[in-house]
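# Descriptive structure summary
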Amino acid sequence: MRAIVMGAGIGGLAAALSLRRAGHEVTLVERAPRFTEVGAGVQLAPNATRVLRGLGLLDEVAARAVRPSHMSFRTWSDGSEVCRYLLGRAAEEEFGAPYLLLHRADLHGVLAASVPAGSVRLDTTVVGMGQDDRTAWVTTAGGERLTADLVVVADGIRSAARRWLFGADEALFSGTAAYRALLPAGEVADLELPELAVWMGPGRHFVHYRVRRGELLNTVAVFTAGAAPESWTARAEPGAQLREFAGWDPRVLRVLERAGQVFRHGIHARAPLARWNVGRVTLLGDSAHAMVPFLAQGAAQALMDAAVLGDVLGDATPAEVPGALDRYVRRRLATATDVQAGAARAGEDFHLPDGPGARARNARMAAYAAEHGFMPQAAAWAPDTGDRAAGPGPPSGGSHPRPPAPD
């Protein structure tokens, strides 16, 4: 069959590769004139790296990544450890795939290099789409009409195609924004930072971990904010991150002080949908379920979408596309929606003010870590999360594990 994929982000590239492995011809349409190194760090839990293994790309991605042994949660004021959850070899043995930390551009680069150049249409903006009983198509700003058996929409959080399919639906501001920076790891070597840590405080939290084979430290400083644009390229005012985190543990402030170029962006999500597909067209990744990043599952859920999409379309004929897309949505919508909700809850828990609520949270987290070893959302990493168990019927949250926030 022939497929058109709109958007060449992580989800779109993975969808193109998954569909190609299923034997289909794919045209990948991207409005950017070229691929650039945008973004910063990304965490890939075993549910994501298992998909990369299925695409034959895990070794190449892992060679560019860092494998943390654990994740540490700490208090904002003095850095005392609340708890630590197992990762490293223990997670790989338990869930059948590694937990990796890497630069988003490194992941994107491996995916992009695996899609044949002849299948990619850069500098091509889609301005409309349609379908009939036999085909689906997109129209471009240049006046072309590209036709295929199905269209996969992976055009991101501000998806135009989502509006065309389901009506006006704006991205939702989360009430938080983030300062992001990458700096050479050697510049903070004297601080003896944990390899992967979340520092929790009133109305704020701070995350750091190494990427690019350990050469760079990725930092994300999240804080409660008024409306803020969603932009990966907006520069922060000099020193703003230090003022926002005044009074925090000196190690956090040293990292923020030594960060050279700092970017500031608002954190947005999308409201859950009751369905993602209409006939021969379906949403995938952020266009379907953009979420706040507080469970580090945005990229993972897009990769899982791509894997399931390729699976349901593996043996399908053109006439069977609508039914196959129904199966794709049944297998993915409930889990992705649960992860969206869990990520929002995690952000609330990280930002509790000092007092009884924060102390109770810390006690629960420590008790959970002592009893289970792995963090609560590890339920979403299990090998059967994207399996074929979901049968006919409307999407339901009952057949998928709910990944609770680490509370």
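Heads up: these notes are all about the structure in this document. The model shown is predicted, which means the values in this text are computed figures rather than measured ones.

Rules behind the numbers
- Residues numbered from 1 in each chain as written.
- Predicted model: local features only at pLDDT ≥ 70, side-chain atom pairs only at ≥ 80, totals over all residues.
- Heavy atoms only, no water.
- Helix = DSSP H or I, 4+ residues; strand = E, 2+ residues; numbered from the N terminus.
- Rg over C-alpha atoms; globule rule 2.2 N^0.38 Å.
- Buried < 20%, exposed > 50% of the residue type's maximum accessible area, 1.4 Å probe, protein only.
- Contact = heavy atoms within 4.5 Å.
- Pairing = 2+ DSSP bridges.
- Axes fitted to C-alpha atoms, helices over the stretch in contact; angles between N-to-C directions.
- Parallel < 35°, antiparallel > 145°, perpendicular 65-115°, else oblique.
- Left-handed = near helix turned anticlockwise from the far one by under 90°.
- Nonpolar A, V, L, I, M, F, W, Y, C, P; charged D, E, K, R; others polar.
- Core = buried A, V, L, I, M, F, W, Y, C linked by side-chain atoms within 4.5 Å.
- Phe/Tyr/Trp six-rings, centres within 6.5 Å; stacked < 30°, edge-to-face > 60°.
- Lys NZ or Arg CZ within 6 Å of the ring centre and 35° of its normal.
- Polar contact = N/O pair within 3.5 Å; in protein donor to acceptor, adjacent residues only side chain to side chain.
- Arc of directions from axis to C-beta.

### Here we look at the overall build of the protein chain
- In terms of helices and strands, the protein chain carries 12 helices and 18 strands.
- Against the globule reference of 22 Å for 407 residues, the protein chain gives a C-alpha radius of gyration of 21 Å, in line with a compact fold.
- Dimensions along the principal axes, computed over C-alpha positions, put the protein chain at roughly 65 × 45 × 40 Å.
- For the protein chain, the proportion of its 407 residues judged to be buried stands at 57%.
- In the protein chain, the proportion of contacts linking residues at least 24 apart, taken out of those at least 6 apart, comes to 76%.

### Let's talk about the sheet that holds strand S8 (residues 126-131)
- Strands sit in the order S8-S9-S10 across an open sheet of three strands; the sheet is antiparallel. The outermost strands of the open sheet, each flanked by one partner alone, are S8 and strand S10 (145-148). Here the strands of the sheet are splayed against their neighbours by 20° on average, with no regard to which way each runs.
- Relative to strand S9 (residues 136-140), S8 is paired through five bridges, and the arrangement is antiparallel. Counterpart to Met129 in the pairing with S9 is Val138.

### Some remarks on the packing of helix H2 (residues 46-54) against helix H10 (residues 298-312)
- Where H2 meets H10, the axes come as close as 8 Å, and the angle between the chain directions of the two elements is 40°. Judged by the inter-axis angle, H2 sits oblique to H10. Our pair here, H2 against H10, has a crossing hand that is left-handed. Taken together, the residues of H10 that come into contact with H2 (itself represented by Asn47, Ala48, Val51 and Leu52) are Ala300, Gln301, Leu303, Met304 and Ala307.
- Considering only residue class, the contact of H2 with H10 consists of seven nonpolar, two polar and no charged.

### Description of the nonpolar core
- Counting 69 residues, the largest nonpolar core has Leu44, Trp276, Leu309 and Leu313 as the members making the most contacts within it.
- A per-element tally of this core places H10 first, with eight residues.
- The residues touching Leu44, leaving out its near neighbours within four places in the chain, are Thr49, Leu52, Val61, Pro98, Tyr99, Leu100, Leu102, Leu107, Ala299 and Leu303.
- Membership of the second largest hydrophobic core comes to 38 residues, among which are Ile267, Phe350, Ala369 and Ala380.

### Focus: the packing of helix H1 (residues 10-21) against H10
- Packing of H1 against H10 brings their axes to within 8 Å, and their N-to-C directions diverge by 20°. Judged by the inter-axis angle, H1 sits roughly parallel to H10. Crossing handedness for the pair H1 and H10: right-handed. Contacts from Ile10, Gly11, Ala14, Ala15, Ser18 and Leu19 of H1 reach H10 at Ala299, Ala302, Leu303, Ala306, Ala307, Leu309 and Gly310.
- Counted by class, the contact of H1 with H10 contains 10 nonpolar, three polar and no charged residues.

### Here's the deal with the sheet that holds strand S12 (residues 172-184)
- Within the open sheet, the seven strands sit side by side as S5-S4-S13-S14-S15-S12-S16. Their pairing is mixed. Of all strands in the sheet, those bounded by a partner on one side alone are strand S5 (81-86) and strand S16 (263-269). Across this sheet, the average inter-strand angle for adjacent strands is 20°, counted without regard to direction.
- Taken strand by strand, helix H11 (residues 321-350) contacts strand S4 (70-75), strand S13 (196-201) and strand S14 (204-211), and its axis lies near 65° from that of S13.

### What about the packing of aromatic side chains?
- Going through the model one piece at a time under the given rule, you end up with nine aromatic pairs.
- Ring geometry for Phe73 against Tyr85: centres 5.7 Å apart, planes inclined by 80°, an arrangement best described as edge-to-face. Note that Phe73 is positioned in strand S4 and Tyr85 in strand S5, a separation of 12 residues in sequence.
- Pairing Phe245 with Trp248 gives two aromatic rings, centres 4.9 Å apart and planes at 70°, and the pair type is edge-to-face.
- We classify Trp248 as buried; its relative accessible area is 5%.
- Cluster of aromatic residues (ring-pair linked, three or more members): Phe95, Tyr99, Phe374 and Trp381.
- Positioned above the aromatic ring of Trp137 is the side chain of Arg145, whose terminal nitrogen or guanidinium carbon lies 3.9 Å from the ring centre.

### With respect to the side chain of Arg332
- On the secondary structure map, Arg332 appears in helix H11.
- Non-local contacts of Arg332, meaning those with residues more than four positions away in its chain, are made with Trp276, Gln301, Met304, Asp305 and Val308.

### Focus: the side chain of His24
- Among the secondary structure elements, His24 is positioned in the loop between H1 and strand S2 (25-29).
- By relative accessible area, His24 is classed as buried at 9%.
- Polar contacts involving the side chain of His24 include one to the main-chain carbonyl oxygen of Leu313, which spans 2.7 Å.
- Apart from the residues within four sequence positions on either side, His24 is in contact with Met1, Leu19, Leu313, Gly314 and Ala316.

### Notes on helix H4 (residues 88-95)
- Buried within H4 are the following residues: Gly88, Ala91 and Phe95. Down the axis of H4, the buried side of the element spans an arc of 55°, and every buried residue falls inside it. Within H4, the exposed residues directed more than 90 degrees away from the buried face are Arg89 and Glu93.
- Where the residues of H4 are buried, they touch H2 and S5.
- Positive backbone phi, approximately 80°, marks Gly96, located one or two places after H4.

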